[in-house]
Amino acid sequence: MTSKGARTRRRILDVVVDLLETQSYDAMSVAEITRRTDITRPAFYFHFATKGAAVAGVLEELLEQFVTVAAAWYEHPGDDPLAGVEEALGATIDLWRAHARLMDAVLRAAATDDEAAEIVGAWVEGLCERAGERLRRDVGTRLATNGPSVESLAAFMVGATLDAMRRDVGTIVERGRPAPEVRETLVYVWSRVIAGGC
């Protein structure tokens, strides 16, 4: 059985998701969150220091989901560096598409709000670290003599994937359908980088 505090925190996070899916980060307020969750402002601030901290809580949960679905690649123990790439990217794309409105709102907020940008930046940094660990195992020795550092390659590849996500979720929100060939393109690029070491 979950505690009252845990249930209140969950309600706050659920309302933050609902609000981000229907309005901009800037338009969202602590007053609106507390009204929709039927809690007091002090109760909100007991759980989260700011509206941005509540958004960070949502993103933390979402990041866990992204890491879980990407485990087919991150944690693949075998000798084939390409094993799990297509599965992990497909599951990642399915996840961001399932949360397209939320992802679009957060990425738009990060473009204009320092706190939101810091949240997304920390999220991307974590993804770069995970990708860097895997790339180091898969292509690290080939890069050491001819190419960028593993860290630079990981940052570039995660950035390219994030840009593809930004375009894809934006297209879903604006046109009601995903961008064409996102999955095929990302699988192709990641596979070529991993197989060729650049």
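For the structure itself, look to the data block above.
Parameters at a glance
Residues numbered from 1 in each chain as written. Predicted model: local features only at pLDDT ≥ 70, side-chain atom pairs only at ≥ 80, totals over all residues. Heavy atoms only, no water. Helix = DSSP H or I, 4+ residues; strand = E, 2+ residues; numbered from the N terminus. Expected span 1.5 Å × (residues − 1). Buried < 20%, exposed > 50% of the residue type's maximum accessible area, 1.4 Å probe, protein only. Contact = heavy atoms within 4.5 Å. Core = buried A, V, L, I, M, F, W, Y, C linked by side-chain atoms within 4.5 Å. Axes fitted to C-alpha atoms, helices over the stretch in contact; angles between N-to-C directions. Parallel < 35°, antiparallel > 145°, perpendicular 65-115°, else oblique. Nonpolar A, V, L, I, M, F, W, Y, C, P; charged D, E, K, R; others polar. Phe/Tyr/Trp six-rings, centres within 6.5 Å; stacked < 30°, edge-to-face > 60°. Lys NZ or Arg CZ within 6 Å of the ring centre and 35° of its normal. 1 Å grid on protein atoms, 1.4 Å probe; cavity = no way out; pocket = protein on both sides within 12 Å on 5 of 7 lines; lining within 4 Å. Points joined across faces, edges and corners; volume = space filled by probe spheres on them.

Draft legend 1. Structural detail: helix α1 (residues 4–22). Counted at 1.5 Å a residue, the expected span for α1 with its 19 residues is 27 Å, and the 27 Å between its end C-alpha atoms agrees. Restricting attention to buried positions, one finds in α1 the residues T8, I12, L13, V15, V16, V17, L19 and L20. Against the buried residues of α1 lie α2 (30–37), α3 (41–47), α4 (51–69) and α7 (100–112).

Draft legend 2. Inspection of the nonpolar core at higher detail. Grouped together as the largest cluster of nonpolar side chains are 65 residues, with contacts concentrated most on V16, L20, V55, W73, W96, L135 and W190. If we ignore the near neighbours within four places in the chain, the residues touching W190 are W73, V85, L89, A131, L135, M157, V158 and T161.

Draft legend 3. Molecular detail of the packing of α1 against α7. Closest axis-to-axis distance for the α1/α7 pair is 8 Å, and the angle between their directions is 80°. Taken together, the axes of α1 and α7 lie roughly perpendicular to each other. Along the contact surface, α1 presents V17, L20 and E21, while α7 presents R101, L102, A105 and V106. For the contact of α1 with α7, the residue count by class is five nonpolar, no polar and two charged.

Draft legend 4. Local environment of the packing of aromatic side chains. Applying the stated criterion across every chain yields a total of four aromatic pairs. Taking 5.5 Å as the distance between ring centres and 75° as the angle between the ring planes, the aromatic pair formed by F66 and W123 counts as edge-to-face. Within this pair, whereas F66 is found in helix α4, its partner W123 is found in helix α8 (residues 114–145), the two being separated by 57 residues in sequence. Each member of the pair F66 and W123 is classed as buried. Among the aromatic side chains, those forming a connected cluster through ring pairs are F44, Y45 and F48. Lying across the ring of Y25, K51 places its NZ or CZ 4.3 Å from the centre.

Draft legend 5. Up close: α7. An ideal rise of 1.5 Å per residue puts 18 Å on 13 residues; α7 measures up with 19 Å between its terminal C-alpha atoms. Residues A100, L102, M103, D104, A105, V106, L107, A109 and A110 constitute the buried set of α7.

Draft legend 6. How the structure looks around the side chain of T8. Summarising the element assignment, T8 is placed in helix α1. A relative accessible area of 9% places T8 in the buried class. For T8, the contacting residues outside a window of four places in its chain are I39 and H47.

Draft legend 7. Layout of unusual backbone geometry. Here D38, not a glycine, exhibits a phi torsion of approximately 55°, which is positive. With respect to the element layout, D38 can be found in the loop between α2 and α3. Look at E181: it is not a glycine, yet its phi comes out positive at around 60°. Topologically, E181 is positioned in the loop between α9 (150–175) and α10 (182–196). The class for E181 is exposed, based on a relative accessible area of 55%.

Draft legend 8. How the structure looks around empty space enclosed by the protein. This model, assessed by the stated rule, comprises one cavity of 30 Å³ or more. One number sums up the size of the largest cavity: a volume of about 340 Å³. Taken together, 20 residues make up the lining of the largest cavity; nearest its centre are Y74, L89, T92, T161 and W190. Contributing elements (two or more residues each) for the lining of the largest cavity: α4, α5 (71–74), α6 (85–98), α8 and α9. Here the lining of the largest cavity takes five residues from α6, the largest share from any one element. A breakdown of the residues in the lining of the largest cavity according to their chemical character gives 17 nonpolar, three polar and no charged.

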